[in-house]
Amino acid sequence: MRRTPLSLSLCLGLALGTAASLAPASGSAADGGTITLGRVSDGDRYDPHRSSALAAAEVLYMVGDTLVTLGYDLQTLHPGLAKSWDLSEDGLTYTFHLRDDVTYCDGKRFTAKDVVGTMDRWLKPDAPNVSTWKAGSVDSITAADDFTVVYKLQEPNSALLYQMAQFNFVMIDPEQAEALGEDFGVKAFNGTGPYCFESWQPRESVVLRRHEGYTWGPEFMASQGPAKAETVIWKIVPEEATLAATITAGEVDASYAVPSWSLAQFEADPTTELLRPEASFRTHYLGMKITRPNMQDRKVREAVSLAIDQSAIADAIFFGTAEPATAYYSQKALDYNPEIDQSPFGYDPDKAAALLGEAGWAKGGDGMLEKDGQKLTLTLYGFNSSSSREAAEAVQSDLRKIGIELAIELYDNTAIWGKLREQTYDLYQMDYPYLNAGDALNLYFLSANVPSPNRMMWEDPTTDKLIEDGNKATNDAARHAAYAGAGKVVHDAMLWKPLVNESLVVVAGARLKPFQPHGISGAGFNNGLTLELK
């Protein structure tokens, strides 16, 4: 049943107590002023090597730079900290020629040794770092001189430059990282980005100050720097309805984390604007931990998938602003395999019940499923936001209709990432941004990424080999064949229930000039260079 949304004016009234506690947006265009950006969840830390969270990406793109950047179309490569690069004929050696005018926020000059130090820290064996697959099969990374980096691979990598544009490749200050240890990205972050990391109050705010003298922003942007705003505050407003109200009240200048029901009302409001990136991919899904006793049977996993009505979720929770998903990534994404059987990811509760019967489960007197005296009870871990809670409750209701009891445990953003590394849950909620099928496959389905972000515990040599073949392909046809094959394998295995494909929409308040959002990593404000007060 479709929910009836509250009006923004009513939400504003209900939220005044919370909104009044927020630091007001302030400053003027003349002095750069302060721009306040709203979001519902915080990062676990602001370290590009230790976090895969969107909240981390949002800040890291502003305080740091990458060697390579991607245009608004998410396809065209542009220079970043590297003004140019060369690739050897065998596809194994990249030579990056760095800009010689880049400085950190503390004034220190950025050189090739910082690139080497950044990569050495990220790729250090046995370190608790994430997404190291993005770096390719590295043979060596060396500094030929102060402004030349030689990046040698053991095998070609068709996606390396595209990965280098993402936030895990943000260059750090290696000396600071070593000195701070576990406090790096928590107490401080000395970067080369348009903004400098000033402070972080977990679950409250991150404060960034303009990096004076910054002039090396991407060439495809209208301005290469310095940033227009003197200060950017990332404000945490845990309740989405309250966040929407704070934009109307002028407490927050922009956000893309408002509830979907509010978009139509913001569109009708002459004081706000809805801004969309040229390209973006984000899929919400329900992951299944296949090592858990009740999730080892593929029939049970398919039954769980078929029991959940993602069209109802798209309508009731996203109010038609997202489309129901029947694959792990968008069918519009590069290297999607159109031969994937999408039928197990639809909605068919009758077939779900039949599959559970085949798996040996039968309903007891209370209408709930049992086998060998045990109830079919599952545990779901998710994020403690209103939309995640509503989605979890919708899943709980759908599963109960076919006799599965679902226990829901929701955690805030500073706790959830640690909880998701545990082996104590059967299902988990997640949404993620990606560039293409290869990006999604590398992130979630490699054996090397167990237990996180491969939280399904999927360890399969065939999948690994196909993804590896796609990564080292030297032509488009070979890459597509490999990634398409891997896509079919993981879809056939029933590891996720896709829910919706969501498009990023930025709500900009009355004080902001219109700007072009960027779709990379789902971080719509990107480096913040386009943010400016009227």
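Source: prediction; values computed, not measured. (Residues numbered from 1 in each chain as written. Predicted model: local features only at pLDDT ≥ 70, side-chain atom pairs only at ≥ 80, totals over all residues. Heavy atoms only, no water.)

Thoughts on empty space enclosed by the protein
- For the structure on display, the rule yields three cavities of 30 Å³ or more.
- In this structure, the largest cavity encloses a volume near 200 Å³.
- Lining the largest cavity are 18 residues, with Thr66, Thr69, Pro218, Asn526 and Asn527 sitting closest to its centre.
- Partitioning the lining of the largest cavity into residue classes produces nine nonpolar, eight polar and one charged.
- Its volume calculated, the second largest cavity comes out at about 40 Å³.
- Together, Trp133, Lys134, Asn157, Ala159, Gln163, Asn442, Asn471 and Tyr483 line the second largest cavity. (1 Å grid on protein atoms, 1.4 Å probe; cavity = no way out; pocket = protein on both sides within 12 Å on 5 of 7 lines; lining within 4 Å. Points joined across faces, edges and corners; volume = space filled by probe spheres on them. Nonpolar A, V, L, I, M, F, W, Y, C, P; charged D, E, K, R; others polar.)

A short note on the nonpolar core
- Core analysis: the biggest nonpolar cluster contains 115 residues, and Phe96, Tyr151 and Phe445 have the highest contact counts within it.
- Broken down by element, the residue count for this core peaks at seven residues, all from helix α2 (residues 54–63).
- Aside from chain neighbours lying at most four places away, what touches Phe445 is Tyr328, Ala440, Asn454, Met456, Trp458, Thr463, Asp464, Ile467, Val490, Leu495 and Trp496.
- The next biggest cluster of nonpolar side chains, apart from the first, holds 33 residues, and it includes Ala307, Ile308, Leu378 and Ile404. (Core = buried A, V, L, I, M, F, W, Y, C linked by side-chain atoms within 4.5 Å. Buried < 20%, exposed > 50% of the residue type's maximum accessible area, 1.4 Å probe, protein only. Helix = DSSP H or I, 4+ residues; strand = E, 2+ residues; numbered from the N terminus. Contact = heavy atoms within 4.5 Å.)

Looking at the sheet that holds strand β15 (residues 362–363)
- Across the sheet, which stays open at both edges, the three strands sit in the order β15-β16-β17 with antiparallel pairing between neighbours. Each end of this open sheet is capped by a strand with a single partner; those strands are β15 and β17 (374–375).
- Sheet topology note: the strand β16 (residues 369–371)/β17 ladder contains two bridges and is antiparallel. Looking at β17, one finds that Glu370 is bridged to Lys375. (Pairing = 2+ DSSP bridges.)

Focus: the pattern of salt bridges
- Evaluation of the coordinates by the stated rule reveals 31 salt bridges.
- Glu182 is the partner of Arg45 in a salt bridge, and the nearest nitrogen-oxygen pair spans 3.7 Å. Of this pair, Arg45 sits in the loop between β1 (34–39) and α2 while Glu182 sits in the loop between α5 (174–180) and β8 (195–201); the two residues are 137 residues apart in sequence, bridging distant segments of the chain.
- We classify Arg45 as buried; its relative accessible area is 15%.
- We note a salt bridge from Arg50 to Glu182, for which the minimum N-O separation is 3.4 Å. With Arg50 in the loop between β1 and α2 and Glu182 in the loop between α5 and β8, this residue pair connects regions lying 132 residues apart in the sequence.
- What emerges from the salt-bridge pattern is a single network uniting Arg39, Asp42 and Glu58. (Salt bridge = Lys/Arg side-chain N within 4 Å of Asp/Glu carboxyl O.)

Some points on the state of the cysteines
- All told, the structure shown has one disulfide when counted by the stated rule.
- Covalent S-S linkage joins Cys105 and Cys196, the inter-sulfur distance amounting to 2.0 Å. In this structure, the disulfide formed by Cys105 and Cys196 twists by about -95 degrees around the S-S bond and is classed as left-handed. Here the residue Cys105 occupies a position in the loop between β5 (93–98) and α3 (112–122), and Cys196 occupies one in strand β8, the gap between them amounting to 91 residues.
- Residue classification places Cys105 among the partly exposed residues on the basis of a relative accessible area of 25%.
- In this structure Cys196 comes out as buried when scored by relative accessible area, which is 14%. (Disulfide = S-S within 2.5 Å.)

Focus on the packing of helix α14 (residues 461–471) against helix α15 (residues 476–492)
- Orientation of α14 relative to α15, taken along the N-to-C sense of each, is 155 degrees, at an axis distance of 7 Å. Here α14 is positioned roughly antiparallel relative to α15, judged by the angle of their axes. Seen along the crossing, α14 lies across α15 with a hand that is left-handed. Residues Thr462, Thr463, Leu466, Ile467, Asp469, Gly470 and Asn471 of α14 form the contact with α15, whose participating residues are Arg479, Ala482, Tyr483, Gly485, Ala486, Val489 and Val490.
- Class assignment for the residues of the contact of α14 with α15 results in seven nonpolar, five polar and two charged. (Axes fitted to C-alpha atoms, helices over the stretch in contact; angles between N-to-C directions. Parallel < 35°, antiparallel > 145°, perpendicular 65-115°, else oblique. Left-handed = near helix turned anticlockwise from the far one by under 90°.)

A word on unusual backbone geometry
- The linkage connecting Val450 with the following residue, Pro451, adopts the cis geometry, with an omega of 5 degrees.
- With respect to the secondary-structure elements, Pro451 resides in the loop between α13 (437–444) and α14.
- Cis geometry marks the peptide bond from Ser452 to Pro453, where omega comes out at 10 degrees.
- Among the secondary structure elements, Pro453 is positioned in the loop between α13 and α14.
- Despite not being glycine, Asp335 shows a phi value in the positive range, around 75 degrees.
- Here Asp335 shows up in the loop between β14 (322–324) and α10 (349–358).
- Residue Asp335 is classed as buried on the basis of its relative accessible area, which comes to 5%.

Remarks on the layout of surface pockets
- In this model, the second largest pocket occupies a volume close to 790 Å³.
- If you list the elements that add at least two residues to the lining of the second largest pocket, you get α4 (160–164), β13 (282–288), β14, α13, α15 and β21 (496–502).
- The residue inventory of the lining of the second largest pocket, partitioned by class, reads 14 nonpolar, 14 polar and eleven charged.

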